Every structure is written in C-alpha cells, then in structure tokens.
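Each chain, letter by letter, is given below.
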Amino acid sequence: MTQTTQMPRPRTDSEGAAPEARRRPASPQWAAWAFLAPVTLYLALFYAYPLYRNIDLSLRHYTVRSFVRGDAPFTGLANYRTVFDDPTFAPALLHTVVFTGVCLVFQYAIGLALAVFFHQNFRLSATLRALFLVPWLLPLIVSASTWSWMLNSDSGIVNAVLHGVGVDPVNWLTSPSWSLTSVIIANIWIGVPFNLVVLHSGLQSIPSSLYEAAALDGANAWQRFWRITFPLLRPVSAITLLLGLVYTLKVFDIIWIMTKGGPADSSTTFATWSYQLGFGNLLPAFGPGAAVGNLLVLAALVFGLIYVRAQRKQALS
C-alpha cells in the first residue's frame, strides 16, 4: 500500500500567524520617515528658522547693540507702520509692480516665441538653443556689469549705435526717466533663457498627431498655435510664470550693480529698499528692513496659494 508523505506545516502562534509573518513590520512608514528626515531637517534649518528670525526681527526695535546682545524690545507692528508711512514706500511699490509685470510679460512672450521657433528642429537648432542659455549661465554680477558698460552714457555701445543712426545719446543709468527701463531690459535678457527651456520642454509633450490632424483640416500656423499649442501649454505656462514671479520679486543684484536704486530712488524696488534700510546706512534700521522683506515673502506666498488653488480646481474639473 502506498503511503502519502505529508509536508510538515509551519508552526503558528495562538492567532494562527507564522513566525516569519509576525516578525515582518506592520507597515513601511518607518522607511518613509527615514527618507523625509533629511529634507525636513534641511527645510527647518534653512527656510523655517530664517523666516521665523526675519518675522521676529520685524516685530522688535533692533539697533546694532541690541542685535549683538539680543535684548531688543518688542514693538509689534510699529516697524510696518514706519514702512507704510515712509515716502519711499509708494514709489518702491510702484517700481516693484512695474518691474515685475513688464519683465514677466516680455520674458514669457519672447521665451514662448523662441520655444515655438526651436520646436521645428531645423539644422543647428540645438546649437542655437544652447547659445541662448549663455545669459542664464553667467553670474549675475557679470551680466549686470556688462549691461552697465553697454548702457554707459559716454562710452557705452548702445549710445554709440544710437549716435551712428543720428539719435541723441540717452542717459540710461543716470536719468530718473530711464533708469528703471534700463534694469528692466537687463533682467528681461537674463530671464528669457529660463522661459525658453521650460516652455520648449512643455512643447515636447504635445503629440505631433494633433498638429497633423489640424493641418489636414485646413488650419494655418496661427490657428494651430491658438487652438492647440497655447491651451495645452497652460500648465507649463502657469508654473513658468509663478517661478518667474518669485524670482523677479526678489531681484537685487542687477538693480544694485547698475543703478543702486537711483538716481533719486527712480529704480528702487522692495528688494533694494530692504537692503538699503538694513545695511545701506551708518545707523541700520534692521526692523523696517525686515518688514519690507516680509512684504515680498507675503506677495510670493499669496501668488503661490493662488496657483495651488487654480491647479486644484483644474484637477477637479
């Protein structure tokens, strides 16, 4: 008679679970926290703590002595009232809005036009696209110094070209009427490559079959752009404009190197004004300077929340 050999069954505990299963972790949450710990620590040390210190700085009356000793008295919103009552506030706010708005519009428009142009993949397309990255790769001090030389009233190449075509020289950096325009032109030149790269990558994700179908239906190039390219590029355009807004709000290097916010505060923005208050005087006003900086942070936060809300609505729709 043939006997059937039975395999030994694994031992189980009182609840019927094998020892190997009992020793297995209940969930991988510990691994997730281990991966999040370095990022959390980095954000806390280099973002949360500096922001807290800047807010605390704007709510106290700091002098050089109290800044060193750490015994500045609490003044509440007095520094913010000082900033709002300062005669520089209104011009600096206007210059910040104009500088940010004009730069965003032209950087996006030129970057989008170049992205569509290079999307055709013609010969030397990659080489020319790489050359357009040069302004973005250069250090800001080099770019700003180059523009200062080009726009110099006496020896600048721009005035030399204007003189060659019979136009009177322009005091680009020393005239209150032209100083803000000068720094806007320089910042547009620096920001176009970023828009070009991001928007060009967004164009790569649009299926070519859509353009082929539109061409078969008789749509011209302009109609294909407005009906296909621009609508499908909206998510990429939104993040491009948001990042450009945050960057442009805090632009300091270009303005300070080219005009130092002058002449007569004609190119002063919140970024340069905050620096002038905190470090540009013999008796620094740390509290008001921090208050101006917090206004910039608040503006960036508001636009960031608007973007997140718009993205959430788009995902739900």
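Structural notes, computed from the coordinates.

What counts, and at which threshold
- Residues numbered from 1 in each chain as written.
- Predicted model: local features only at pLDDT ≥ 70, side-chain atom pairs only at ≥ 80, totals over all residues.
- Heavy atoms only, no water.
- Patch = residues over 30% accessible without salt bridge, like charges linked within 9 Å, V, L, I, M, F, W, Y side chains within 5 Å.
- Areas by Shrake-Rupley, 256 points an atom, 1.4 Å probe, with all protein chains shown as cover.
- Salt bridge = Lys/Arg side-chain N within 4 Å of Asp/Glu carboxyl O.
- Helix = DSSP H or I, 4+ residues; strand = E, 2+ residues; numbered from the N terminus.
- 1 Å grid on protein atoms, 1.4 Å probe; cavity = no way out; pocket = protein on both sides within 12 Å on 5 of 7 lines; lining within 4 Å.
- Points joined across faces, edges and corners; volume = space filled by probe spheres on them.
- Nonpolar A, V, L, I, M, F, W, Y, C, P; charged D, E, K, R; others polar.
- Buried < 20%, exposed > 50% of the residue type's maximum accessible area, 1.4 Å probe, protein only.
- Phe/Tyr/Trp six-rings, centres within 6.5 Å; stacked < 30°, edge-to-face > 60°.
- Core = buried A, V, L, I, M, F, W, Y, C linked by side-chain atoms within 4.5 Å.
- Contact = heavy atoms within 4.5 Å.
- Axes fitted to C-alpha atoms, helices over the stretch in contact; angles between N-to-C directions.
- Parallel < 35°, antiparallel > 145°, perpendicular 65-115°, else oblique.
- Left-handed = near helix turned anticlockwise from the far one by under 90°.
- Arc of directions from axis to C-beta.

So, on to a nonpolar patch on the surface. A contiguous nonpolar patch, built from Leu 124, Leu 128, Leu 131, Phe 132, Val 134, Leu 138, Ile 141, Val 142, Trp 189 and Ile 257 and spanning about 830 Å² of accessible area, is present on the exposed surface. Secondary structure elements with two or more residues in the nonpolar patch: helix 6 (125-131) and helix 8 (140-150). Examined against the element boundaries, Ile 257 turns out to sit in helix 14 (residues 253-258).

Roughly 520 Å³ of volume is contained in the largest pocket. If you go around the largest pocket, you meet 20 residues; those closest to its centre are Asn 54, Ser 274, Gly 293, Asn 294 and Leu 296. Secondary-structure elements contributing two or more residues to the lining of the largest pocket are helix 2 (29-58), helix 13 (234-249), helix 15 (270-279) and helix 16 (286-316). By residue number, the principal contributor to the lining of the largest pocket is helix 16, which donates 8 residues. By residue class, the composition of the lining of the largest pocket is 13 nonpolar, 6 polar and 1 charged.

Moving on, we come to unusual backbone geometry. The omega torsion across Gly 262 and Pro 263 is -5°, close enough to zero to call that bond cis. Tracing the chain through its elements places Pro 263 in the loop between helix 14 and helix 15. At Ala 264, a position not held by glycine, the phi torsion is positive, near 55°. Counting through the fold element by element, Ala 264 comes out in the loop between helix 14 and helix 15. On the basis of relative accessible area, Ala 264 is assigned to the exposed category, the value being 77%.

Right, let's talk about the packing of aromatic side chains for a bit. Going through the model one piece at a time under the given rule, you end up with 21 aromatic pairs. Ring centres of Tyr 42 and Phe 46 lie 5.1 Å apart, and the angle between their planes is 40°; this geometry places the pair in the tilted category. Here Tyr 42 pairs with Phe 46, and both are found in helix 2, just 4 residues apart, close to one helical turn. Residue classification places Tyr 42 among the partly exposed positions, given a relative accessible area of 43%. The exposure class assigned to Phe 46 is exposed, which follows from its relative accessible area of 53%. Between Phe 225 and Trp 226 the ring centres are 5.5 Å apart and the planes differ by 80°, which places this aromatic pair in the edge-to-face class. Exposure remark for Phe 225: the relative accessible area of 15% places this residue in the buried category. Counting every residue linked through ring pairs, the aromatic cluster contains Phe 252, Trp 256, Tyr 275, Phe 279 and Phe 286.

Attention now moves to the nonpolar core. Residues Phe 99 and Met 258 are the most contacted members of the largest nonpolar core, which totals 33 residues. At the level of elements, helix 5 (89-118), helix 8, helix 10 (179-204), helix 11 (208-216), helix 12 (221-232) and helix 14 are the ones that each hand at least two residues to this core. No other element matches the 10 residues that helix 10 contributes to this core. If sequence neighbours within four positions are ignored, Phe 99 has contacts with Leu 180, Val 183, Ile 184, Asn 187, Thr 248, Val 251, Ile 255 and Thr 269. Tyr 80, Leu 245, Leu 277 and Leu 296 belong to the second largest nonpolar core, which has 15 residues in total.

The next thing to look at is the side chain of Thr 259. Counting through the fold element by element, Thr 259 comes out in the loop between helix 14 and helix 15. Setting aside chain neighbours within four positions, we find Thr 259 in contact with Leu 173, Ser 179, Val 183 and Ser 267.

Quick look at the packing of helix 5 against helix 10 now. Across the interface, helix 5 lies against helix 10 with an axial gap of 6 Å and an inter-helix angle of 40°. Classified by the interaxial angle, the pair formed by helix 5 and helix 10 is oblique. For the element pair helix 5 and helix 10, the recorded crossing hand is right-handed. Its residues assigned to classes, the contact of helix 5 with helix 10 comprises 20 nonpolar, 7 polar and no charged.

Burial in helix 8 covers these residues: Ser 143, Ala 144, Trp 147 and Ser 148. End-on, the buried residues of helix 8 take up no more than an arc of 135°, which puts them together on one face. Tucked into the core, helix 8 has its buried residues touching helix 7 (134-137), helix 10 and helix 14.

Time to look at the pattern of salt bridges. Counted by the stated rule, this structure contains 2 salt bridges. Among the ionic pairs, Arg 53 bridges to Asp 56, the shortest N-O distance being 3.4 Å. Of this pair, Arg 53 and Asp 56 both sit in helix 2, 3 residues apart, which is roughly one turn of the helix. Residue classification places Arg 53 among the partly exposed positions, given a relative accessible area of 30%. The exposure class of Asp 56 is buried, given its relative accessible area of 13%. When salt bridges that share partners are traced, they join Arg 53, Asp 56 and Arg 60 into one network.

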